[in-house]
Amino acid sequence: MNFLSRMPAWVGHQVAAIRVVIVLTVLVGLAYPLGMTALAQVPGLRHSAQGSQLTGADGRNAGSELIGQSFLDKDGNPIPYYFQTRPSNAGEGYDAAASAAGNLGPESTVDVLGPDGKQSLLTQVCARSKAVGDLEHVDGSRPYCTSDGVGAVLGVFRKDGTTGTATRVVSLDQACPARPFRSSYEGVTVVCAKPGEDYGRAVVTPIRGDAPADPKVPADAVTASASGLDPQISEAYADLQAPRVARERGISEADVHRLIDRYTSGRALGILGEPAVNAVQLNAALDRTHPVKGA
């Protein structure tokens, strides 16, 4: 009869539990992490295991090729000799610790005006499209957007609530003293919106306008990804920016397009999604091969 057999049953249970903890600690807490660390050093895996780090023109770490970056100056304006990435709702932008989407949907068309206001998804899209159009010297207009880059949305007050003749019309996303994008609607003069005033009884009426159905500014230039971290842009957005980048770096567009092709990935599994250009890798390559003097 051994020592354990003479102990009370509850003591034997505790000893067995301690043995299990020791064995699992050695296997899961030591052997497994050490084995994975060793495996990560195998050629072909090491780069990914270390975060897919990018090397800048100065030889220093320039971030990860898997996470987008904002290529803006200290005032928040686009740096003209860089390809711009898509918008990000992750924290202050591309914050891996705050990965998130904007959680706004197609019904988000009316701004909350005033000092503590909030832009609707429609106005965000309109403002971004106008800004990209101005930067690239193309038509930045989009359906349901005003020429000054907000949602083209009217609040129509009607005689019988939601029906009947219009009695008052407000441009909901254009705060006074802005000039309404339309002078009249159904024979009623359109006025600008006053911050803080309640327009809850108005019938929300988006106006399509005369913008082309196929805007010059691609959709990924005006909408954020679900994660807020994507470093990729569409081929269309890269092609739109190529003339500006070539001009600012003093190189030919052909040289820029060769780099675009190098950092373009195809559809997943050959059928899913669309080809995409890794703008972070592309900008790092431009800095290495065609640096900007004084930058």
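This text follows the structure it describes.
A brief report on the enclosed structure follows.

This structure, assessed with the given rule, holds three aromatic pairs. Centre to centre, the rings of F71 and Y82 are 5.0 Å apart; their planes meet at 45 degrees, and the pair counts as tilted. Of this pair, F71 sits in the loop between strand 2 (61-64) and helix 4 (121-136) while Y82 sits in the loop between strand 2 and helix 4, and the two are eleven residues apart along the sequence. Residue class for Y82 comes out buried when judged on its relative accessible area of 13%.

The five strands lie next to each other as 5-6-4-3-7, forming an open sheet whose pairing is mixed. Looking at strand neighbours, the two that pair on one side only are strand 5 (184-185) and strand 7 (203-206), the edges of this open sheet.

All chains considered together, the criterion is met by eight salt bridges. Linking R244 and E136 is a salt bridge whose minimum nitrogen-to-oxygen distance equals 2.8 Å. Taken as a pair, R244 in helix 5 (residues 235-249) and E136 in helix 4 lie far apart in primary sequence, 108 residues in all. One salt bridge in this structure joins E197 and R168, with 2.7 Å as the shortest N-O distance. Of this pair, E197 sits in the loop between strand 6 (188-193) and strand 7 while R168 sits in strand 4 (residues 166-175), placing them 29 residues apart in sequence.

Side chains of I18, I22, V26, L30 and L34 sit close together on the surface and give an oily, nonpolar patch of about 490 Å² of accessible area. Turning to its location among the elements, I18 is positioned in helix 2 (residues 9-39). With a relative accessible area of 52%, I18 lands in the exposed category.

An order of 8-10-9 is seen for the three strands of this open sheet, with the pairing classed as antiparallel. Since the sheet does not close on itself, it has two edges, and those belong to strand 8 (232-234) and strand 9 (264-265), each with one partner. Where strand 8 meets strand 10 (residues 276-278), three bridges bridge the pair, whose relative direction is antiparallel. Across the sheet, residue S234 finds its bridge partner in strand 10, namely A276. Along the sheet, helix 5 makes contact with strand 8, strand 9 and strand 10, crossing strand 8 at roughly 85 degrees.

Parameters at a glance
Residues numbered from 1 in each chain as written. Predicted model: local features only at pLDDT ≥ 70, side-chain atom pairs only at ≥ 80, totals over all residues. Heavy atoms only, no water. Phe/Tyr/Trp six-rings, centres within 6.5 Å; stacked < 30°, edge-to-face > 60°. Helix = DSSP H or I, 4+ residues; strand = E, 2+ residues; numbered from the N terminus. Buried < 20%, exposed > 50% of the residue type's maximum accessible area, 1.4 Å probe, protein only. Pairing = 2+ DSSP bridges. Salt bridge = Lys/Arg side-chain N within 4 Å of Asp/Glu carboxyl O. Patch = residues over 30% accessible without salt bridge, like charges linked within 9 Å, V, L, I, M, F, W, Y side chains within 5 Å. Areas by Shrake-Rupley, 256 points an atom, 1.4 Å probe, with all protein chains shown as cover. Contact = heavy atoms within 4.5 Å. Axes fitted to C-alpha atoms, helices over the stretch in contact; angles between N-to-C directions.

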